[in-house]
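Secondary and tertiary structure notes
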Amino acid sequence: MAHFACIELGGTKINLAAGSGPDDMSAVVRLPTLDPASTLAAMVEQLRHLAGEGGFDAIGVASFGPIALTPGTSAYGHFRQTPKPGWSGADLLGPIRDAFPQTPIALDTDVNGAALGEARWGGAVGLDSFAYVTVGTGIGVGLVCNGRPVHGLLHPEAGHIRVRRQPDDSYAGHCPFHGDCLEGLACGPAIQARTGKAGETLAADDPVWSLTGRYLAELFHSLILIASPQRILVGGGIGLNPAVLTAARDAAHSGLGGYIEALEDRSTFDEFIQPAHLGDRAGVMGALALAQGASHEHRAP
Ligand code: ZN
């Protein structure tokens, strides 16, 4: 039986799992994301332990970004400028490759990985083109077009698009790079800064949820018009909040103004924007999808 390593590297924690498939992820190890040197050393040590005698058939890495994704370039597998202290320029892939030099490794962003997981086992089975949007501490978008996650100069960072400011909103924004980009206005820390409370403690009908949903609708509007996805899946603690999702669907549907005929019917539109199916397993399942892909490519002539 194949033995895959799955690494979900998040901004606050790392999930490691090993197994043969989605129903056989026996070992799950959680580590805190601290400074790069100690974090990556601890991760490699755990991987060696999970590998056992037989090693891995492939390793899938789904990481927070921005991270360079073009194989064969010197920057491949290194973080780009990130607000996370100490991580700009850090080499994620090097220590894994050094520990497992013979093992195929696939790397993508956590959101592209989650999108691939949804395509294989979740809410996007059978779709060629769709978007996975997660709204939590940050806002990330995994975009799959024609069956492949979009890579280019880097990878899409659609959480940082500019959005129209809501008329009742004077909050300056949280993003250290752009101030009032979408993430700056609608991520978890922005909600906390606006209300002075952690999201979990806010009432279900707090007006901040509707405001957040209306900002999210701006992203949906742009995604629909730019990438023409067949579905948008929404995850993350804030994205899955029913008040946010309802407000986002309302505003996105009315904002399109009937321009996309296929989405004009309201119940069709509500089907089009769905909660992600894999929940908090999305990251590890995404890494598994990456590992399986790497193993397949390695075996192909
Ligand atoms: Zn930004």
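The shown structure was predicted, so the numbers you read here are calculated from the model rather than taken from an experiment. (Residues numbered from 1 in each chain as written. Predicted model: local features only at pLDDT ≥ 70, side-chain atom pairs only at ≥ 80, totals over all residues. Heavy atoms only, no water.)

Below, the discussion takes up the coordination of the zinc ion. Only His 160 (ND1), Cys 175 (SG), His 178 (ND1) and Cys 181 (SG) from the protein coordinate the zinc ion, and they sit 2.1 to 2.4 Å from it. Relative accessible area serves as the criterion here: at 7%, Cys 175 is assigned to the buried category. On the basis of relative accessible area, Cys 181 is assigned to the buried category, the value being 0%. (Donors = N, O, S within 2.8 Å, 3.2 Å for Na, K, Ca; no water. Buried < 20%, exposed > 50% of the residue type's maximum accessible area, 1.4 Å probe, protein only.)

Taken as a whole, the second largest pocket holds about 710 Å³ of empty space. As for the second largest pocket, its lining consists of 26 residues, and the residues nearest its centre are Leu 116, Arg 148, Pro 149, Leu 290 and Glu 297. Elements represented by at least two residues in the lining of the second largest pocket include exactly strand E5 (105–109), helix H3 (110–121), strand E8 (148–149) and helix H9 (282–299). Ranked by residues supplied to the lining of the second largest pocket, first place goes to H9 with seven residues. (1 Å grid on protein atoms, 1.4 Å probe; cavity = no way out; pocket = protein on both sides within 12 Å on 5 of 7 lines; lining within 4 Å. Points joined across faces, edges and corners; volume = space filled by probe spheres on them. Helix = DSSP H or I, 4+ residues; strand = E, 2+ residues; numbered from the N terminus.)

So, about the sheet that holds E8. The mixed open sheet is built from five strands, whose spatial order is E8-E7-E6-E9-E10. Either end of the sheet is taken by a strand with one partner, and the two such strands are E8 and strand E10 (273–275). With two bridges connecting them, strand E7 (residues 139–145) and E8 associate as antiparallel partners. Opposite Val 144, over in E8, you have Pro 149 as the bridge partner. Sitting on the sheet, helix H7 (residues 242–256) is in contact with strand E9 (232–235) and E10, with an inclination near 170 degrees to E10. (Pairing = 2+ DSSP bridges. Contact = heavy atoms within 4.5 Å. Axes fitted to C-alpha atoms, helices over the stretch in contact; angles between N-to-C directions.)

With that settled, the discussion passes to the pattern of salt bridges. Any two side chains of opposite charge can pair, so long as their charged atoms come close to each other. For the coordinates displayed, the defined rule picks out nine salt bridges. The shortest N-O distance in the salt bridge between Asp 270 and Arg 266 comes to 3.0 Å. One end of the pair is Asp 270 and the other is Arg 266, both in helix H8 (residues 266–272) and four residues apart, which spans about a single turn. (Salt bridge = Lys/Arg side-chain N within 4 Å of Asp/Glu carboxyl O.)

This paragraph deals with the domain arrangement of the protein chain. By the assigned domains, the protein chain splits into domain 1 (4–109) and domain 2 (123–277). Distance from the C-alpha centre of domain 1 to the C-alpha centre of domain 2: 27 Å. The interface is formed by twelve residues belonging to domain 1 together with eight residues belonging to domain 2. Between domain 1 and domain 2, roughly 660 Å² of surface is buried when both sides are summed, and carbon and sulfur atoms account for 67% of that area. Linking domain 1 with domain 2 are zero salt bridges. Our enumeration of links across domain 1 and domain 2 arrives at two residue pairs in polar contact (both at pLDDT 80 or more). Partitioned by chemical class, the residues of the side of domain 1 that touches domain 2 number five nonpolar, five polar and two charged. (Domains from an automatic or database assignment. Buried area = accessible area lost by both parts, 1.4 Å probe. Polar contact = N/O pair within 3.5 Å; in protein donor to acceptor, adjacent residues only side chain to side chain. Nonpolar A, V, L, I, M, F, W, Y, C, P; charged D, E, K, R; others polar.)

Looking at the element boundaries, Arg 249 is found in helix H7. At 3.2 Å, the side chain of Arg 249 forms a polar contact with the backbone oxygen of Asp 270. Side-chain polar atoms of Arg 249 contact the backbone oxygen of Ile 273, separated by 2.7 Å. Apart from the residues within four sequence positions on either side, Arg 249 is in contact with Arg 266, Phe 269, Asp 270, Ile 273, Gln 274 and Pro 275.

The subject of this paragraph is the nonpolar core. By size, the foremost hydrophobic cluster in this structure holds 39 residues, and its most contacted members are Val 133, Leu 219, Phe 220 and Ile 232. Where this core is concerned, the elements lending two or more residues are strand E6 (130–135), E7, helix H4 (182–186), helix H5 (188–195), helix H6 (207–227), E9, H7 and H8. In terms of residue count, the dominant contributor to this core is H6 (eleven residues). The contact partners of Leu 219, leaving out residues within four places of it in the chain, are Val 133, Ile 139, Val 141, Ala 158, Ile 161 and Leu 182. Ala 18, Leu 40, Phe 64 and Ala 90 belong to the second-largest nonpolar core, a separate cluster that totals 31 residues. (Core = buried A, V, L, I, M, F, W, Y, C linked by side-chain atoms within 4.5 Å.)

Further remarks concern the packing of aromatic side chains. Evaluation of the coordinates by the stated rule reveals five aromatic pairs. Judged by centre distance (4.7 Å) and plane angle (25 degrees), the ring pair of Phe 64 and Phe 79 falls under stacked. In this pair, Phe 64 is assigned in the loop between strand E4 (58–63) and helix H2 (93–99) and Phe 79 in the loop between E4 and H2, connecting sequence segments 15 residues apart. What links up through ring pairs into an aromatic cluster is the set Phe 64, Phe 79 and Trp 87. The ring of Trp 121 has Arg 120 sitting right over it, with the charged end atom 5.7 Å from the ring centre. (Phe/Tyr/Trp six-rings, centres within 6.5 Å; stacked < 30°, edge-to-face > 60°. Lys NZ or Arg CZ within 6 Å of the ring centre and 35° of its normal.)

To continue, consider H6. Taking 1.5 Å per residue, 21 residues should reach 30 Å; H6 reaches 30 Å between its end C-alpha atoms and fits that length. Two to three positions downstream of the cap, the backbone nitrogen of Val 208 sits 2.9 Å from a side-chain oxygen, assigning the N-cap of H6 to Asp 206. Looking one or two residues beyond H6, the residue adopting positive phi is Ser 228, at roughly 50 degrees. (Expected span 1.5 Å × (residues − 1).)

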